[in-house]
Amino acid sequence: MESSPLPGIEIRQHIAIQGSVQGVGFRPFVYRIAQIAGIRGYVLNCSGGVVIEAQADEQSIGRFLTALRTELPPLARIDEIKITEIKTEDAICSLEQGFAIRESLAAEGRFAFVPPDAATCADCLRELTTPGDRRHHYPFINCTNCGPRYTIIRDIPYDRANTTMASFQMCAACQTEYEDPANRRFHAEPNACPACGPSLALMSADELGSGAVPVFDSKNDALERTRRLLHQGAIVAIKGLGGFHLACAASNDRAVSFLRERKRRSGKAFAIMVKDVAAARGLCHVTEAGRGLLESPRRPIVLMRRRAEAGLSASVAPGNDCLGILLPYTPLHYLLFEEAPGYDALVMTSGNLSEEPIVSSNEDAWQRLKSLADYFLLHNRDIQTRVDDSVVRTFEGREYPIRRSRGFAPDPVDLEMPVHEILACGGELKNTLCLTKDHYAILSPHIGDLENVETMEFFREAVNHLQRFFRVSPEVVVHDLHPHYLSTRFALEESGLPAVGVQHHHAHIASCMADNALTGPVIGVALDGTGYGSDGKIWGGEFLACDFAGFERRGHLRYIPLAGGDAAVRQPWRSALAYVRDSFGPQASNLPLPVFSEVDPRQLRFVEQMLDRHIQTIETSSCGRLFDAVSSILGVRHQTTYEGQAAIELEAVASSAEGTYPFELTGAIPFQVDLRSTVQAIVRDYRAAQPVSDISARFHQTMARIVRDACLRIRESDAVNRVCLSGGTFQNLRLLHHTVDELRAREFEVFVHRRVPANDGGLALGQAAVANAVLQAR
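Residues numbered from 1 in each chain as written. Predicted model: local features only at pLDDT ≥ 70, side-chain atom pairs only at ≥ 80, totals over all residues. Heavy atoms only, no water.

Asker: What is the right way to look at the sheet that holds strand β17 (residues 422-424) in this model?
Answerer: Remark on secondary structure: sheet strands pair via backbone hydrogen bonds, oriented parallel or antiparallel. With mixed pairing, the six strands of this open sheet are ordered in space as β16-β19-β18-β17-β20-β21. Two strands close off the open sheet at either side, each with one partner strand: β16 (413-414) and β21 (499-502). When β17 meets strand β20 (residues 476-480), the two strands line up parallel, connected through three bridges. Its bridge partner being in β20, alanine 424 is matched across the sheet by valine 478. (Pairing = 2+ DSSP bridges. Helix = DSSP H or I, 4+ residues; strand = E, 2+ residues; numbered from the N terminus.)

Right, dumping it as structure tokens:
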């Protein structure tokens, strides 16, 4: 039996905590539980997290540590606790008479996690809507449980002086809250009220164009006027948490069509913000998992199947059976819907021209959005780091990320293994970058497609911010093998670091492995649109045997010649022509298919000549181009205006029909997947007037069966039973469901993405994991 501690005998402990413990009300929480447990000592923020020194008898210390682990504030997360006994000259000496919250301490080389921004909490929402409360209808209400974080931080430790709130001097009432450990606004760094905090200004595009200066005033009627303008059909640029949105009434067809035209976004779906879950249910089929994501503090855009009777403009999401729905996540958003005159859903899309980064400053808003917005709703709290909205789906009742940004970034991914300090630059499309330190991977918010000067500037900005915040000094820089990617050129020409190149699809599978804390070996199925292969060809339908240290290509989709390179991405009919000619020979153009009757005959003849003469053609195993081809063969989509459009619309039209088409796995390992019989059967069904929806359904099931048979072949040769599914094609949930079902039916252990996207937004994580294995081998 253990002996009980002697009364009066005290111990003192140094407790170092790492995790999401700054900017989340952690110090006042520690103060409160220390008071209850009778602890003497102190707590402070430091560059490495939070440090506590606690002195009391052993039982009191035990109660304190239990509460520390089990009664956390809503946004806090503890990843690591290190406890060190402090020896004292006698058992009852004390350095503190009570328990105190001390000033923050910066430590050289140490880092603390920078918390993501969080949606307005229930307590603040109650105050926001309570007449007579001093923050009633104040659009910048927040506390330690909610509000801006990453978007306003200039440096760590996370103190007001290191944020963009430093220029706002708190009034006496706010200062009293800020200094009261019993108040939920104790050390809430963005704390403010109408008397001392940020405020709004509404201006027309004409006023800004004439050089008028915004007048920020908490007593103005900017919100009421904005609601009225939205009801009347205006497009309003609204400054939010991590940048500007472009907003208009989602039921106003004229306004939505104008926004499409001005934003140069002719087909891609717009996100829709609604007041609450009840309104979301009026537009979409909301599952319990979907509801949980909608209402979570992260407040992502959630992709859900739309209702036929949604009542929105047809221009909101043309050709798409899903809508991207999000709930208000700032007080300003809630106020836009309070007593809204005549609208219950708003288009809330990123404030930018297509392919440019989201606008974040008032000055840039006028320069870059003047041709898009009729009015500008501005505020005077600076955005330090621009952050776009996150996008998720649900798969098997759990989160399945599509774009990891606001609310998630820069929350680290615990790799559960020590890592070198590495900078991974990601790919070209849907770019994010990744830094590693200790046993964590820190991914940037969504940066976008690295195709212009503005986005590359945002990329460099993100590199500098994250290196400074997390005190990372990279040993190496990692890049994709494609020599023309701007991220590759940055790594080789600008970073000044030793470089490691990682093959695109190896990085995809390594990303899924890291996402699931695997080390290998695994069977990797990487299906996407474009990736530079180690043989100089364009890969995209790959079956790999790999771990972090390396990979072997065990199989792939049979190479098909594509004419025109990037032009084939924008014109799926080029892929259709290549696949039909490959399956039927040069006389394929005589087949009565939409691709031959609906595409300009001159363009068809020109591309046929390119294929015949091998002019500007490249061989590819891309699964994305295969989906494009089938979409065009069936007349679903011949030209695209955004990445993946043809495949998205092919998925959207699919029925519940069952069945598969024939295919062959030819040759020994590395085998090829020969799809000529698949294409022939699809054409035969189309000519026999089978419904396009049924053909699409059978094609999706065929692709799942191909993955199953390929994995069976690799399991037989490599004795590996774990399968990782990655690549942008697996954003297609119909394909993902069929594939997982087929693999599990053959007793494979299947892993999908849960913390980072399957698309190129997760690529940098895989690059970093591979580079870490290379460094460890050295």
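Asker: Please clarify how the packing of helix α19 (residues 623-633) against helix α20 (residues 645-653) should be interpreted in this entry.
Answerer: Relative orientation and spacing of two packed helices are given, respectively, by the angle between their axes and the distance between those axes. With their axes 8 Å apart at the nearest point, α19 and α20 run at an angle of 60° to one another. With respect to α20, the element α19 is oriented oblique. Of the two elements, α19 crosses α20, and the hand of that crossing is left-handed. Counting all contacts with α19, which are made through Phe627, Asp628, Val630 and Ser631, the residues of α20 involved are Ala646, Ala647 and Leu650. Of the residues contributing to the contact of α19 with α20, the split by class is five nonpolar, one polar and one charged. (Axes fitted to C-alpha atoms, helices over the stretch in contact; angles between N-to-C directions. Parallel < 35°, antiparallel > 145°, perpendicular 65-115°, else oblique. Left-handed = near helix turned anticlockwise from the far one by under 90°. Contact = heavy atoms within 4.5 Å. Nonpolar A, V, L, I, M, F, W, Y, C, P; charged D, E, K, R; others polar.)

Asker: Would you take a moment to explain the environment of histidine 479 for this structure?
Answerer: Relative to the assigned elements, histidine 479 resides in strand β20. Judged by its relative accessible area of 10%, histidine 479 is buried. Linking histidine 479 and alanine 507, residues 28 residues apart in sequence, is a C-alpha distance of 9.9 Å. Those residues in contact with histidine 479 that lie beyond four places of it in its chain are Thr488, Ala491, Leu492, Ala499, Val500, Gly501, Val502 and Gln767. (Buried < 20%, exposed > 50% of the residue type's maximum accessible area, 1.4 Å probe, protein only.)

Asker: Is there a simple way to explain the state of the cysteines in this structure?
Answerer: Note: disulfide means a covalent bond formed between the sulfur atoms of two cysteine side chains. Applying the stated criterion to the full structure yields zero disulfides. Cysteine cysteine 711 is unpaired, with the sulfur of cysteine 724 as its nearest cysteine sulfur at 10 Å. Cysteine 711 sits in the buried class, given a relative accessible area of 0%. (Disulfide = S-S within 2.5 Å.)

Asker: Explain the pattern of salt bridges here, please?
Answerer: As a working rule, side chains carrying opposite charge can pair if their charged atoms are close by. Applying the stated criterion across every chain yields a total of 42 salt bridges. Across the salt bridge formed by arginine 184 and glutamate 127, the nearest N and O atoms sit 3.1 Å from each other. Of this pair, arginine 184 sits in the loop between α4 (172-179) and β6 (200-204) while glutamate 127 sits in helix α3 (residues 122-128), placing them 57 residues apart in sequence. Given a relative accessible area of 15%, glutamate 127 falls into the buried group. Aspartate 411 serves as the salt-bridge partner of arginine 298, at 3.6 Å between the closest nitrogen and oxygen. Residue arginine 298 is located in the loop between α9 (288-295) and β10 (301-305), and its partner aspartate 411 is located in the loop between β15 (398-403) and β16; the two are separated by 113 residues in the primary sequence. Exposure remark for aspartate 411: the relative accessible area of 11% places this residue in the buried category. One network of salt bridges, with partners in common, ties together Arg77, Asp79, Arg298 and Asp411. (Salt bridge = Lys/Arg side-chain N within 4 Å of Asp/Glu carboxyl O.)

Asker: Can you walk me through the side chain of aspartate 449 in this structure?
Answerer: Inspection of the secondary structure assignment puts aspartate 449 in the loop between β19 (440-443) and α12 (453-470). Although buried, aspartate 449 forms no salt bridge, and the nearest oppositely charged side chain, lysine 430, lies 5.7 Å from it. Only 2.7 Å separates the side chain of aspartate 449 from the backbone nitrogen of lysine 430, close enough to count as a polar contact. Aside from chain neighbours lying at most four places away, what touches aspartate 449 is Glu355, Glu428, Leu429, Lys430 and Thr455. (Lys, Arg positive; Asp, Glu negative; His and termini not counted. Polar contact = N/O pair within 3.5 Å; in protein donor to acceptor, adjacent residues only side chain to side chain.)

Asker: What should I look at first to understand the sheet that holds strand β7 (residues 236-239) in this one?
Answerer: Read across the sheet, ten strands follow the order β6-β13-β7-β8-β12-β9-β11-β10-β14-β15 without closing on themselves; strand pairing throughout is mixed. Strands with a single pairing partner mark the edges of an open sheet, and in this sheet they are β6 and β15. Averaged over all pairs of adjacent strands, the angle between strand axes in this sheet comes to 35°, irrespective of strand direction. Lying on the sheet, helix α11 (residues 362-369) is in contact with β7, β8 (244-249) and β13 (375-379); it crosses β13 at an angle near 165°.

Asker: Would you explain the side chain of glutamate 742 in this entry?
Answerer: Position of glutamate 742 among the secondary structure elements: in helix α23 (residues 733-745). A relative accessible area of 18% means that glutamate 742 is categorised as buried. At 3.0 Å, the side chain of glutamate 742 and the side chain of arginine 705 are in polar contact.

Asker: Can you help me understand helix α18 (residues 601-613) in this one?
Answerer: Every α-helix carries 3.6 residues per turn, so stepping three or four residues along brings you back to the same face. Helix length check: α18 (13 residues) gives 18 Å between terminal C-alpha atoms against 18 Å at 1.5 Å per residue, within 8%. Among the residues of α18, those classed as buried are Leu604, Val607, Glu608, Met610 and Leu611. The arc enclosing the buried residues of α18, seen along the axis, measures out at 155°, which places them on a common side. Residues of α18 that are exposed and point over 90 degrees away from its buried face: Arg602 and Arg613. Buried-residue contacts for α18 involve β25 (560-563), α16 (572-584), α17 (594-597) and β26 (617-620). Regarding α18, its N-cap is aspartate 600, as a side-chain oxygen of that residue lies 2.9 Å from the backbone nitrogen of arginine 602 further along. At the C-terminal side of α18, histidine 614 shows a positive phi close to 55°. (Expected span 1.5 Å × (residues − 1). Arc of directions from axis to C-beta.)

Purely geometric numbers; function is a separate question.
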